[in-house]
Amino acid sequence: MEPAAPPAAAPAPPAAAPGSAGLVCAQGRNLRAVLCQRCGSRVLLPGAATFARRELLLPAMRKKAAAAAAGGGGDVLREHWLVRDMFSFENVGFTRDVGNVKFLVCADCEAGPIGWHCLDDKDSFYVALERVAHE
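Calculation rules
- Residues numbered from 1 in each chain as written.
- Predicted model: local features only at pLDDT ≥ 70, side-chain atom pairs only at ≥ 80, totals over all residues.
- Heavy atoms only, no water.
- Pairing = 2+ DSSP bridges.
- Helix = DSSP H or I, 4+ residues; strand = E, 2+ residues; numbered from the N terminus.
- Axes fitted to C-alpha atoms, helices over the stretch in contact; angles between N-to-C directions.
- Phe/Tyr/Trp six-rings, centres within 6.5 Å; stacked < 30°, edge-to-face > 60°.
- Buried < 20%, exposed > 50% of the residue type's maximum accessible area, 1.4 Å probe, protein only.
- pLDDT = per-residue confidence, 0-100.
- Contact = heavy atoms within 4.5 Å.

## Some thoughts on the sheet that holds strand β1 (residues 34–36)
Alright, step 1. One open sheet accounts for three strands, arranged β2-β1-β9; its pairing is antiparallel. Of all strands in the sheet, those with a lone pairing partner are β2 (42–44) and β9 (132–134), marking the two edges. On average, each strand axis in the sheet is inclined to that of its neighbour by 45°, with strand direction left out of account.
Alright, step 2. Relative to β2, β1 is paired through two bridges, and the arrangement is antiparallel. Its bridge partner lying in β2, leucine 35 is registered against arginine 42.

Put into structure tokens, the structure is as follows:
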């Protein structure tokens, strides 16, 4: 007689990559607060976002004058905190529309962009792990 198969487990969240080790709990949510790299302002509280992998092109983080002089350019970022409700943010600002996208910036010091929001999807706000600090 063969042993009974164990019950099926709930689907696991995406496995955290090495760069996100210690930041993601077993449920895939942020373990630590998310902060602005420049001024330390709190962007998200622990547990407010879910780890997600998605390739997004964000403009390079530069001061406004340097960005204007340099023109285009940016970084393809793959690891993000996904926030489903804009009111989950503690402190974030949005740029003017760039096509159908708004970029997320720190509301206190305007550093950014730290994230991305497509106007076609009202419930998805992405904050790049490489563009923020954690405490």
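Once the structure has been displayed, the description carries forward.
## Description of the packing of aromatic side chains
Alright, step 1. Per the counting criterion, the structure on display carries four aromatic pairs.
Alright, step 2. Centre to centre, the rings of phenylalanine 89 and phenylalanine 125 are 6.0 Å apart; their planes meet at 85°, and the pair counts as edge-to-face. Taken as a pair, phenylalanine 89 in the loop between β4 (74–83) and β5 (93–94) and phenylalanine 125 in strand β8 (residues 125–128) lie far apart in primary sequence, 36 residues in all.
Alright, step 3. Assessed through its relative accessible area of 9%, phenylalanine 89 is described here as buried.
Alright, step 4. On the basis of an interplanar angle of 65° and a centroid distance of 6.0 Å, the ring pair of phenylalanine 94 and phenylalanine 125 is categorised as edge-to-face. One end of the pair, phenylalanine 94, is in strand β5; the other, phenylalanine 125, is in strand β8, and 31 residues separate them in sequence.

## Side note on the confidence of the model for the protein chain
Alright, step 1. Looking at the protein chain, the pLDDT average stands at 85 and 78% of residues meet or exceed 70.
Alright, step 2. pLDDT under 50 marks residues 5–18. Its contacts with residues more than four places away, or in other chains, come to 13 contacts.
Alright, step 3. Taken together, the stretch residues 64–70 has pLDDT below 50 and engages in three contacts with residues farther than four places along the chain or on a different chain.

## Observations regarding unusual backbone geometry
Alright, step 1. In this structure, proline 113 follows glycine 112 across a cis peptide bond, with omega equal to 10°.
Alright, step 2. The topology assignment puts proline 113 in the loop between β6 (101–105) and β7 (115–118).
Alright, step 3. Phi at glutamate 110 takes a positive value of approximately 65°, unusual for a residue other than glycine.
Alright, step 4. Secondary-structure assignment places glutamate 110 in the loop between β6 and β7.

## Here's the deal with the environment of valine 83
Alright, step 1. Within the secondary structure, valine 83 is located in strand β4.
Alright, step 2. On the basis of relative accessibility, which here comes to 0%, the residue valine 83 falls in the buried class.
Alright, step 3. Remark: the alpha-carbon pair of valine 83 and alanine 49, spanning 34 residues in sequence, is separated by 4.9 Å.

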